[in-house]
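Structural overview
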Amino acid sequence: MQLHIQKDATAVSHDLAEWITQAIETTLQTNERFTWVVTGGNSPKLLYELLSAAPYKDRVDWKKMHIFWGDERAVPFSDSRNNARMTFEQLLNRVPVIKEQVHVMKTDIAPDASAANYEQILHQYFPEEGATFDLVLNGMGDDGHTLSLFPHTAVIHETKAWVTSFYLAPQEMYRITLTAPIVNRAHKVAFLTFGSNKAHALQEVLKGARNVDQYPSQIIQPASGELHWFVDEAAAAGLQ
Ligand SMILES: O=C(O)[C@H](O)[C@@H](O)[C@H](O)[C@H](O)COP(=O)(O)O
């Protein structure tokens with residue numbers, strides 16, 4: 001695991017924008033495409049804005065980018081809580097991506113049908129044993145959740161399905177999410193997290209005893225890929 005600590009959220013976002021851009025440039029020197037799972041939440045908003053403007057925008061060959069989401073709230077695209085909507089507003093509307101290569105988790109059909117549809121798309125992309133995403137970007141909640149793997153939910157322990165949906169009672173909404181089996185196959189996984197409210201969970205996830213039910217982010221451990229955490233000093237306060 002590699003820990004990248006920067007002074008504050010702005011510095012973390014710049015550091016990660018540079019790191020992602022370099023990862024894309026390097027991969028595209030030898031590969032025809034770059035498959036990227038983006039994350040929702042508030043944390044990536046500045047990162048996406050940075051990537052949508054010079055110099056990063058012009059360094060990325062957007063026509064070779066294939067975009068996926070790690071999780072989605074089952075609310076219409078027009079709802080401000082929709083993760084895909086946020087990503088379009090902050091990034092995808094501003095760069096020359098190819099529409100057919102951008103794969104939203106559908107929210108205009110039933111959540112289980114949406115999960116099945118996404119699973120099928122992923123199996124078409126990755127038919128060969130072991131093939132998977134170039135990069136999965138994750139956020140982390142102050143309770144240690146990532147994707148829609150919330151504490152004490154069964155989906156944390158999914159071993160087969162790559163995509164699943166379930167009703168998240170406290171939020172009174174369905175969620176659609178990638179699961180550990182597919183995310184842990186990625187070539188690179190990067191977490192972006194900052195702020196003092198994340199410090200306790202970050203300490204438990206990285207330094208605490210294994211307790212994936214309480215701190216689901218612990219379950220994300222790429223089998224042979226790289227794991228990176230991009231955090232600010234406030235979030236990292238408990239790691240010394
Ligand atoms: O749809 C979601 O809610 C996310 O994908 C989720 O896993 C998010 O990354 C964390 O909740 C962190 O969110 P913040 O960045 O807003 O703290």
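Scroll up to find the structure.
One structure accompanies this document, and this report is about it.

What counts as what
Residues numbered from 1 in each chain as written. Predicted model: local features only at pLDDT ≥ 70, side-chain atom pairs only at ≥ 80, totals over all residues. Heavy atoms only, no water. Helix = DSSP H or I, 4+ residues; strand = E, 2+ residues; numbered from the N terminus. Buried < 20%, exposed > 50% of the residue type's maximum accessible area, 1.4 Å probe, protein only. Phe/Tyr/Trp six-rings, centres within 6.5 Å; stacked < 30°, edge-to-face > 60°. Pairing = 2+ DSSP bridges. Axes fitted to C-alpha atoms, helices over the stretch in contact; angles between N-to-C directions. Contact = heavy atoms within 4.5 Å.

Brief notes about the environment of Val 97
- Positionally, Val 97 belongs in the loop between helix 4 (83-90) and strand 5 (102-103).
- Overall, the relative accessible area of 18% leaves Val 97 in the buried class.
- Between the alpha carbons of Val 97 and Glu 18 there is a distance of 19 Å; along the sequence they are 79 residues apart.

Things to note about the packing of aromatic side chains
- Evaluated as defined, the whole model comprises 10 aromatic pairs.
- One aromatic cluster in this structure is built from Phe 68, Tyr 125, Phe 126 and Phe 133.

Brief notes about the pairing of strand 7 (residues 163-168)
- As paired elements, strand 7 and strand 8 (residues 173-178) share six bridges and run antiparallel to each other. Paired with Tyr 167 across the strands is Tyr 174, a residue of strand 8.
- What sits between the antiparallel neighbours strand 7 and strand 8 is a turn of four residues, in which Glu 172 has the positive phi angle 50°.

Overview of the sheet that holds strand 8
- Pairing within the open sheet is antiparallel, and its three strands lie in the order 4-8-7. Only two strands of the sheet have a single neighbouring strand rather than two, namely strand 4 (71-73) and strand 7. Neighbour-to-neighbour, the strand axes of the sheet open up by a mean angle of 20°, direction not taken into account.
- Seen against the sheet, helix 5 (residues 111-125) touches strand 7 and strand 8 and runs at an angle of roughly 160° to strand 7.

This is a description of form; function is not addressed.
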